[in-house]
Amino acid sequence: MELDENNNNASNNARSNECCTKRLASRCPSSSQTLQSLYDLRQNNLLCDAVIRLEDGGVFSIHRAILSACSAYFRTLFTTTLHSEKRTDFLIPNVNSHDMNQLLDYAYLHRLDVNKANVCQLLVSADYLDVLGVLELCCDYLKRNLVPENCIGIMLFAREHFCQELEEAARRYICKNFVEIAETSSEILTLCVADLKALISADELNVKNEEDTWELVLRWIDHDPKKRKAHIAELMSQIRLGLLETQYFMENVKEHPYVVRNQACRPMLIEALKFIYELETFSINNEKIATPKIGRPRIPYEILFAIGGWTKDMATNYMETYDTRADRWVKVPQVDPFGPRAHHGSAVIGDNIYVVGGFDGHSFFNSCRRFNVVTKIWREVAPMNFRRCYVSVTVLNDLVYAMGGFDGLHRLSSAERYDYRRNQWSLIAPMRYQRSDGDCTTLDGKIYVAGGCNSAGELLNTAEYYDPRTNQWTLIAPMRSRRCSLRCIAYHGSVYAIGGYNGISSVTVAERYDPKNNMWIRTPDMYTPRRNFALEVIDDRIFAIGGFANYSTSHVECYDDETNQWYKADDMWVNRSGLSACVLVDPPNVHDYLHNRREQLLEENRQRQTKSNLNQ
């Protein structure tokens with residue numbers, strides 16, 4: 001286990017340690033001056049009533065009451081009635097002088113410098129002496145410094161010392177960052193088979209492609225094949241074989257030498273082949289199909305929210321979430337009680353979704369609503385300075401930016417940003433162009449805006465970016481096509497501009513901006529022409545959601561730049577355009593927004609296919 005601290009971590013840790021010190025001091029009824037006075041008394045051996053000795057020769061004069069207040073170990077040692085006479089001299093085993101000095105500083109001053117060099121040994125000593133405050137500080141420090149290179153070691157270290165919260169935090173970090181850890185960590189190769197089995201069986205394992213799980217198993221066995229290849233069957237039993245691509249399963253799993261030479265793998269191969277056969281034939285099968293564990297998707301760490309929009313000639317406040325691993329949309333009952341809105345924007349900070357501006361069919365809004373995904377409560381926050389429908393909204397450095405739009409009379413070039421800490425909107429420099437129904441995204445600390453239309457109703461192909469450090473907008477190369485109602489998203493170092501309206505019809509066109517070369521490059525078109533749709537990146541793919549062609553649609557498709565192709569995804573429950581979408585990362589109550597019938601996915605697919613066949 002090796003801790004890795006960069007400059008950002010160092011400053012964050014310093015701030016966190018300072019906060020911990022203040023918090024600990026505030027818990028103590030004594031003032032800082034009193035604490036310092038007690039510390040000075042010990043330093044000068046005044047009014048001390050006991051001595052503790054260490055095996056390395058260290059000797060410390062102390063006040064028993066002070067140590068008893070912060071340590072159950074010392075409280076029991078100093079107050080036990082087992083001794084025949086009162087003792088004032090105590091030998092403390094298994095603790096060195098350096099650690100004892102730091103623990104005494106904490107006991108007297110409620111102050112402790114936890115760092116990379118001392119955290120592990122301090123935790124061991126604090127655990128042994130039952131100094132819970134120091135134990136908490138050490139665990140907090142290790143949680144903040146989890147990285148792929150040390151997380152396995154920290155998990156095992158926490159387990160050894162019964163630090164359950166730290167162990168769980170490390171385990172969750174491993175699951176969340178599994179792909180990177182599986183590919184790069186040397187620590188993961190030292191896991192025992194039971195720990196590896198528990199890891200790859202977890203529903204929370206964050207893998208878009210189950211192939212990554214199989215590759216880790218092979219990497220682990222290859223680290224010591226003579227001893228480990230016998231474990232292939234029990235490890236294979238924890239892999240979701242039904243989620244592997246069929247060709248990959250047939251070529252890389254079924255025919256692998258470790259599998260072929262182990263008879264215990266045969267039942268799992270038969271189950272997987274049966275599952276693959278059922279997938280290919282379920283549309284003509286009248287029997288109900290259960291989804292076995294090998295085919296049940298794991299739990300995602302990101303949730304896509306689709307909010308509001310325009311449907312059936314009216315605005316709606318309907319909200320649903322998308323479970324990427326199950327490929328299912330889920331209805332969310334906690335709609336905004338303020339009412340419907342369309343052509344608005346949404347942004348995420350922490351566990352809060354901010355819904356900005358928009359139009360309900362009658363009024364143009366400058367209001368901003370906040371939905372907390374944990375409490376599921378909607379609240380009003382400070383309004384914008386301008387009413388903005390067809391507004392472009394994004395987040396940069398925990399500030400919500402709203403640019404352009406239409407106030408009911410004029411198309412706007414003005415822009416403003418919201419600071420949730422002060423609950424205040426403030427104006428920033430206006431854009432170079434009026435833009436209504438354009439769109440924006442953030443990339444490398446800048447906000448990019450493209451397309452839209454101006455006050456003369458002219459469609460724009462212009463694009464520009466905002467740098468918050470200089471409060472200036474800078475023009476960049478224009479897009480290849482003029483359009484409004486498009487959507488923009490940052491993806492793998494480029495700004496993608498997709499879909500929209502060209503003055504005649506909705507379009508499928510897609511292009512991306514390369515900031516290094518200041519040029520736009522054509523990318524594959526969408527399958528469905530759409531405007532006023534939503535666009536987000538989730539599970540490392542671009543999702544185009546809903547929108548309008550000749551009618552509002554519920555269709556969803558996604559783009560993967562590895563294959564350079566668009567794929568169909570599950571349709572939303574409701575047809576709508578003028579909606580917004582945003583992505584929540586790792587909400588604590590993620591299960592509230594997921595498809596909760598994973599064992600019924602195949603049967604649902606069979607019923608959908610049957611219904612589709614009947615309608616054709």
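Residues numbered from 1 in each chain as written. Predicted model: local features only at pLDDT ≥ 70, side-chain atom pairs only at ≥ 80, totals over all residues. Heavy atoms only, no water.

Considerations on the overall build of the protein
Counting secondary structure elements, the protein contains 18 helices and 27 strands. Overall, the C-alpha framework of the protein stretches about 95 × 70 × 45 Å when taken along its three principal axes. Burial analysis of the protein (616 residues in total) assigns 52% to the buried set. A fraction of 59% describes how many contacts in the protein between residues 6 or more apart in sequence connect residues 24 or more apart. For the protein, the computed accessible surface area is about 28800 Å², with 49% contributed by carbon and sulfur atoms. Positive and negative side-chain charges in the protein, numbering 70 and 78 respectively, have mean positions lying 3 Å apart. (Helix = DSSP H or I, 4+ residues; strand = E, 2+ residues; numbered from the N terminus. Buried < 20%, exposed > 50% of the residue type's maximum accessible area, 1.4 Å probe, protein only. Contact = heavy atoms within 4.5 Å. Areas by Shrake-Rupley, 256 points an atom, 1.4 Å probe, with all protein chains shown as cover. Lys, Arg positive; Asp, Glu negative; His and termini not counted. Charge placed at Lys NZ, Arg CZ, Asp CG, Glu CD.)

Examining the sheet that holds strand β15 (residues 439-443)
Here four strands make up an open sheet; going across it, the order is β15-β16-β17-β18 and the pairing antiparallel. In this open sheet, the two strands that pair with only one neighbour each are β15 and β18 (472-476). Ignoring strand direction, the axes of neighbouring strands in this sheet form an average angle of 25 degrees. Of the pairings in the sheet, the one linking β15 to strand β16 (residues 446-450) comprises five bridges and is antiparallel in character. Its bridge partner being in β16, D439 is matched across the sheet by A450. (Pairing = 2+ DSSP bridges. Axes fitted to C-alpha atoms, helices over the stretch in contact; angles between N-to-C directions.)

Focus on the state of the cysteines
Tallying each qualifying case throughout the model produces zero disulfides. Among the cysteines around C265, which has no disulfide bond, C192 carries the closest sulfur, lying 20 Å off. (Disulfide = S-S within 2.5 Å.)

Some words on the sheet that holds strand β26 (residues 565-569)
Across a sheet, strands are paired by hydrogen bonds formed along the backbone, either parallel or antiparallel in direction. In spatial order, the strands read β23-β24-β25-β26; together these four strands make up an open sheet with antiparallel pairing. The open sheet has two edge strands with one neighbour each: β23 (534-538) and β26. When the angles between neighbouring strand axes are averaged without regard to direction, this sheet yields 25 degrees. Pairing of strand β24 (residues 541-545) with strand β25 (residues 556-560) involves four bridges; the strand directions are antiparallel. Of the residues in β25, the one forming a bridge with F543 is C558.

Re the pattern of salt bridges
Scanning the model with the defined rule gives 31 salt bridges in all. Here E604 makes a salt bridge to R328, at a shortest N to O gap of 2.9 Å. Placement of the pair is E604 in helix α18 (residues 601-615) and R328 in strand β6 (residues 328-331), with a sequence separation of 276 residues. Of the two residues, E604 and R328, neither departs from the other in class, the shared state being buried. The residue E380 makes a salt bridge to R369 at a minimum N-O spacing of 2.9 Å. On the criterion of sequence distance, the pair formed by E380 in strand β10 (residues 377-381) and R369 in strand β9 (residues 368-372) is long-range, its members being eleven residues apart. Salt bridges sharing common partners tie together D398, D419, R421 and R422. (Salt bridge = Lys/Arg side-chain N within 4 Å of Asp/Glu carboxyl O.)

So, the pairing of strand β17 (residues 463-467)
Of all five residues making up β17, five are buried, and the element is well covered by its neighbours. Where burial is concerned, the two faces of β17 agree: the one with A463, Y465 and D467 and the one with E464 and Y466 are both buried. Two strands pair when backbone bridges link them, and β16 and β17 are joined in this way by four bridges, in the antiparallel orientation. From the neighbouring strand, V449 faces β17, where its bridge partner is E464. Note that β17 and β18 share five bridges and pair antiparallel. Bridging across to β18, E464 finds its partner in L475. Taking the residues between adjacent antiparallel strands as the criterion, β17 and β18 are bridged by four residues, where N471 takes a positive phi near 55 degrees.

Brief notes about unusual backbone geometry
Even without being glycine, N45 reaches a positive phi, approximately 55 degrees. Residue position: N45 is located in the loop between α2 (32-43) and β1 (50-54). Of note, N397 is a non-glycine position whose phi angle comes to about 55 degrees, a positive value. Within the secondary structure, N397 is located in the loop between β11 (392-396) and β12 (399-403).

Considering the packing of helix α15 (residues 246-253) against helix α17 (residues 266-281)
Closest axis-to-axis distance for the α15/α17 pair is 11 Å, and the angle between their directions is 160 degrees. With respect to α17, the element α15 is oriented roughly antiparallel. In the crossing of α15 with α17, the sense of the turn from one axis to the other is left-handed. Between α15 and α17, the contacting residues are T246, F249 and M250 on the first element and L269, A272, L273 and I276 on the second. (Parallel < 35°, antiparallel > 145°, perpendicular 65-115°, else oblique. Left-handed = near helix turned anticlockwise from the far one by under 90°.)

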